[in-house]
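Per-entry structural report
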Amino acid sequence: MATGKRTKAARAAFEGKDLIAVEEAVKLIKGAATAKFDETLEIAMNLGVDPRHADQMVRGVVTLPNGTGKTVRVAVFARGAKADEAKAAGADIVGAEDLMETIQSGKIEFDRCIATPDMMPLVGRLGKILGPRNLMPNPKVGTVTMDVAGAVGNAKGGEVQFKVEKAGVIHAGIGKVSFDEVKLAENVRAFVEAVSRAKPAGAKGTYVKKVSLSSTMGPGVSVDLASATGN
């Protein structure tokens, strides 16, 4: 019953709110986030692309200025000195064939997977497992690299990967509602800017159609595009 009351109160607060400034949207969402845990601020962007066409695929990575507030578990495929480098940088799991076998057994206890280039023939065997989970290392987002220490640091420090889905939507968690409004607004704009920069060559017409924000358990609200881009 209490959950029903919270939901009704949140919907009432959001009623009539549409295409509002980022700061106003963040304030509204923070006020309505009454779950018993620290909810995530989530962003959804509707793009004017058809990702079924290779020249309209949108993917990339952004380091949020104020982090995500989430503890990211990192796995690294590396050997020798690079394995030692990954461990020193704070990687949670480091290995080669042993890590491959662990993943093949169905044990996936990480949120980001990084690999040195020489490990990709091995990692490639895991494509059917890691691919659907968006965990496959990819040089385009910096997860296939010789700079494993830098990649681990970025993953731990608030880096967010994004990839457009079939319906032309990108969504991600970009902070915790416990963050102050200024920090959340900065994260929103950093994310929108990164997606805007990733506009593919094949995109025609309006690229960013809509930007919406919500908390994990709360209703969503659309924000003014000019406010979201800082224009």
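Residues numbered from 1 in each chain as written. Predicted model: local features only at pLDDT ≥ 70, side-chain atom pairs only at ≥ 80, totals over all residues. Heavy atoms only, no water.

1. Brief notes about the sheet that holds strand β7 (residues 169-176)
To be explicit about the condition: Note: two strands are recorded as paired if DSSP finds a minimum of 2 bridges between them. In DSSP terms, a helix is any run of H or I states spanning at least four residues, a strand is any run of E spanning at least two, and both are numbered starting from the N terminus. Fitting a line to C-alpha atoms yields each axis, with helices limited to the stretch in contact; the angle taken between N-to-C directions then spans 0 to 180 degrees.
Spatially, 4 strands are ordered β7-β1-β8-β9 in an open sheet, and the strand pairing comes out antiparallel. Where the open sheet ends on each side, the last strands, each with one partner, are β7 and β9 (220-222). Strand-to-strand twist across the sheet, computed as the mean angle between neighbouring axes with direction ignored, equals 25°. Pairing of strand β8 (residues 208-215) with β9, which is carried by 3 bridges, proceeds in the antiparallel orientation. Counted as the bridge partner of S214 is G220 from β9.

2. Regarding the packing of aromatic side chains
Threshold: Pairing of aromatic rings covers Phe, Tyr and Trp, the last through its six-membered ring, and needs centres within 6.5 Å; plane angles under 30 degrees mean stacked, over 60 mean edge-to-face, and all others mean tilted.
All chains considered together, the criterion is met by 1 aromatic pair. An angle of 70° between the planes, with centres 5.6 Å apart, marks the rings of F162 and F191 as edge-to-face. With F162 in strand β6 (residues 159-163) and F191 in helix α8 (residues 181-197), this residue pair connects regions lying 29 residues apart in the sequence.

3. So, the sheet that holds strand β4 (residues 93-95)
What counts here: Any two residues having at least one pair of non-hydrogen atoms within 4.5 Å are treated as being in contact.
Across the sheet, 3 strands lie side by side as β4-β3-β5; this open sheet has parallel pairing. Edge strands, defined here as strands with exactly one partner in the open sheet, are β4 and β5 (112-115). For this sheet, the mean angle separating the axes of adjacent strands, direction not counted, is 15°. Two elements, strand β3 (residues 74-77) and β5, share 4 bridges in a ladder whose sense is parallel. Following the sheet pairing, V76 is matched in β5 by I114. Lying over the sheet, helix α7 (residues 148-156) contacts β3 and β5, oriented at roughly 165° with respect to β3.

4. Observations concerning the packing of helix α3 (residues 80-89) against α7
If you want to describe how two helices pack, look at the angle between their axes and the distance between the axes. What counts here: In these notes the angle categories are as follows: under 35 degrees is roughly parallel, over 145 is roughly antiparallel, 65 to 115 is roughly perpendicular, and the rest is oblique. For any helix crossing, the convention is left-handed if the near helix is rotated counterclockwise from the far helix by under a right angle, and right-handed if that rotation is clockwise. Only Asp, Glu, Lys and Arg are considered charged, only Ala, Val, Leu, Ile, Met, Phe, Trp, Tyr, Cys and Pro nonpolar, and every remaining residue, Gly among them, polar.
Running from N to C, α3 and α7 cross one another at 25°; their axes reach a closest spacing of 8 Å. The angle between the axes of α3 and α7 places the two elements in the roughly parallel class. The two elements α3 and α7 cross, and the hand of that crossing is right-handed. Contacts from K82, E85, A86 and A89 in α3 reach V148, A149 and V152 in α7. Split into classes, the residues belonging to the contact of α3 with α7 amount to 5 nonpolar, no polar and 2 charged.

5. Here's the deal with the pattern of salt bridges
To keep it simple, the criterion reads: One speaks of a salt bridge when a side-chain nitrogen belonging to Lys or Arg is within 4 Å of a carboxyl oxygen belonging to Asp or Glu. Residue burial is assigned from relative accessible area. The probe radius is 1.4 Å, only protein chains are included, and a residue is buried under 20% of its type maximum, exposed over 50%, and partly exposed in between.
Here the structure, examined in full by the defined rule, presents 8 salt bridges. The partner of D111 in a salt bridge is R73, and the shortest N-O contact between them spans 3.2 Å. Remark: R73 occurs in the loop between β2 (59-63) and β3 and D111 occurs in the loop between α4 (97-104) and β5; sequence separation between them is 38 residues. Residue D111 is classed as partly exposed on the basis of its relative accessible area, which comes to 25%.

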